[in-house]
Amino acid sequence: MKIKLGLLYGGKSAEHEVSLLTARAVSQAINFDKYEVYPIYITKTGEWRKGSALAGPAESTKTLQFGLETSKPNSIASFLPVENDDASKLDVIFPLLHGPNGEDGTVQGLLEVLNLPYVGNGVLASAAGMDKVVMKQLFAQAGLTQVPYVHFIRKNWKSNQEALLQQMEESLQWPLFVKPANLGSSVGITKAANREELIKAVELAFKYDRKIIVEQGIVARELEMSVLGNDNPKCSVVGEVLPTKDFYDYEAKYEDGTTNYAIPAVVSAELLKKMEDAAVRAFKVLDCSGLVRADFFVTDEEEVIINEVNTMPGFTPISMYPKLWIESGLSYSDLIEELITLALERYEEKQ
Ligand code: ADP
Ligand code: MG
Ligand code: MG
């Protein structure tokens, strides 16, 4: 019997198109002798569409999109593994969604309620990983080194702006990085060099979230590592992001092609060990499962400072997460296979 695999992609977020590209790449890498692949598409307006099994690898993102876009929306209940509807009895779901409503635990919660095994992080790790403040508090618990930061909510900013500005000026050194607490892809993030810029940056970040975080800026290498596993996670080789502009902002990530990458990065054996230790500690303190990309700042003195983890990192074949595994000797197809195996193992363990 083939394993029925649901590919869940699209979604309301800004990363809809990226998700389609990922879904196409995954469908092309899957072994159709072993898996029957069912597309589950979330339209840009948030409607769920379920297609019949793909006959073979999707040739284009249109195959994955238009056929379903015009079909009838499905109720969430139609995804329940019910006895009398064979096509619904999916064995495992691969959510290929990023950002809010995909990477933040909400979709994961839905799949838990539907009692469906799924690839990647569970509700807790996804939610904690999406909130930079909660993530940092847990990292501190795990003894991980981080940049100094301050966080506050919109209400406090409105009533206590001067006190908060003073607190930031006293406890942090310029420049500062201002970020919405719950986002990714560098959206809403600004580097501020003085009070005037800081106020503007805070106002911008509050457009995206009611909670923000302000960090001390650091001059350091940006090194990333892919982690894979459940209870005994493994680490990949290290990759380096080399932005040629001020920082790794949204345009540098997706649009202007100004960023260079070194895969693998040049790191000493000692640094590699420190990073592996920190990546695994970060993975464990958030109770991660499946995959995480751990992102670090590393100073000239080789101090390893954790910036964040991403619980559903970019997953096209040219994204950092798969590329680091390919460089470590695990092909894109084998990586997908491993993630599905880990999802089924985790589900079994919970029963
Ligand atoms: P996101 O989750 O949106 O990727 P990050 O916290 O990773 O947010 O920040 C995006 C980018 O901004 C980083 O990759 C880095 O280039 C820059 N950056 C963020 N925080 C700092 C900091 N404290 N010091 C220096 N650069 C930073
Ligand atoms: Mg992130
Ligand atoms: Mg980041």
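For the structure itself, consult the block above.
Residues numbered from 1 in each chain as written. Chains lettered and ligands numbered in written order. Predicted model: local features only at pLDDT ≥ 70, side-chain atom pairs only at ≥ 80, totals over all residues. Heavy atoms only, no water.

(A) Up close: the nonpolar core. Within the largest apolar cluster, 35 residues are counted, with the highest numbers of intra-cluster contacts made by Tyr9, Val26, Phe94, Phe315 and Ile336. Elements that contribute at least two residues to this core include exactly strand E1 (3-10), helix H1 (16-29), strand E2 (35-42), helix H2 (61-69), strand E4 (92-95), helix H10 (320-327) and helix H11 (332-350). No other element matches H11, which puts seven residues into this core. Mapping this core onto the domain boundaries places at least three of its residues in each of domain 1 (3-118) and domain 2 (129-144 + 219-350). Not counting residues up to four positions away in its chain, the partners in contact with Phe94 are Leu5, Gly6, Leu7, Leu8, Val26, Val119, Phe315, Ile336 and Leu339. (Core = buried A, V, L, I, M, F, W, Y, C linked by side-chain atoms within 4.5 Å. Buried < 20%, exposed > 50% of the residue type's maximum accessible area, 1.4 Å probe, protein only. Helix = DSSP H or I, 4+ residues; strand = E, 2+ residues; numbered from the N terminus. Domains from an automatic or database assignment. Contact = heavy atoms within 4.5 Å.)

(B) Quick look at the site of ligand 1. By nearness alone, 20 residues border ligand 1, and Lys132, Lys179, Ser186, Glu222 and Lys253 come closest of all. Note that an oxygen atom of ligand 1 is positioned 2.7 Å from one of the side-chain N or O atoms of Lys253. Asn307 has a polar side-chain atom sitting 2.9 Å from an oxygen atom of ligand 1. Protein chains bury 96% of the 540 Å² of accessible surface belonging to ligand 1 in isolation. Residue assignment for the shell around ligand 1 shows that the elements contributing at least two residues are strand E6 (176-180), strand E8 (211-216) and strand E13 (304-310). (Near = heavy atom within 4 Å. Polar contact = N/O pair within 3.5 Å; in protein donor to acceptor, adjacent residues only side chain to side chain. Areas by Shrake-Rupley, 256 points an atom, 1.4 Å probe, with all protein chains shown as cover.)

(C) Quick look at the sheet that holds E1. Spatially, E3-E2-E1-E4 is the arrangement adopted by the four strands of the open sheet, whose pairing is mixed. Looking at the sheet topology across the chains shown, the edges are occupied by strand E3 (48-50) and E4. Within this sheet the neighbouring strands show an average axis-to-axis angle of 25 degrees, counted without direction. Pairing of E1 with E2, which is carried by eight bridges, proceeds in the parallel orientation. Bridged to Ile3 within E2 is Tyr35. Here H1 sits on the sheet in contact with E1, E2 and E4, set at roughly 155 degrees to E1. Here H11 sits on the sheet in contact with E1, E2 and E4, set at roughly 125 degrees to E4. (Pairing = 2+ DSSP bridges. Axes fitted to C-alpha atoms, helices over the stretch in contact; angles between N-to-C directions.)

(D) Fine view of a negative patch on the surface. On the surface, Asp231, Asp287, Glu345 and Glu349 cluster together to form a negatively charged patch. Residue position: Asp231 is located in the loop between strand E9 (221-229) and strand E10 (234-243). (Patch = residues over 30% accessible without salt bridge, like charges linked within 9 Å, V, L, I, M, F, W, Y side chains within 5 Å. Salt bridge = Lys/Arg side-chain N within 4 Å of Asp/Glu carboxyl O. Lys, Arg positive; Asp, Glu negative; His and termini not counted. Charge placed at Lys NZ, Arg CZ, Asp CG, Glu CD.)

(E) Fine view of helix H6 (residues 154-171). The end-to-end C-alpha separation of H6 is 20 Å, well short of the 26 Å expected for 18 residues at 1.5 Å each. The largest bend along H6 reaches roughly 100 degrees and is located at Asn160. For H6, the set of buried residues is Trp157, Leu164, Leu165 and Met168. (Expected span 1.5 Å × (residues − 1). Bend = angle between axes of the 7 residues up to and from the residue.)

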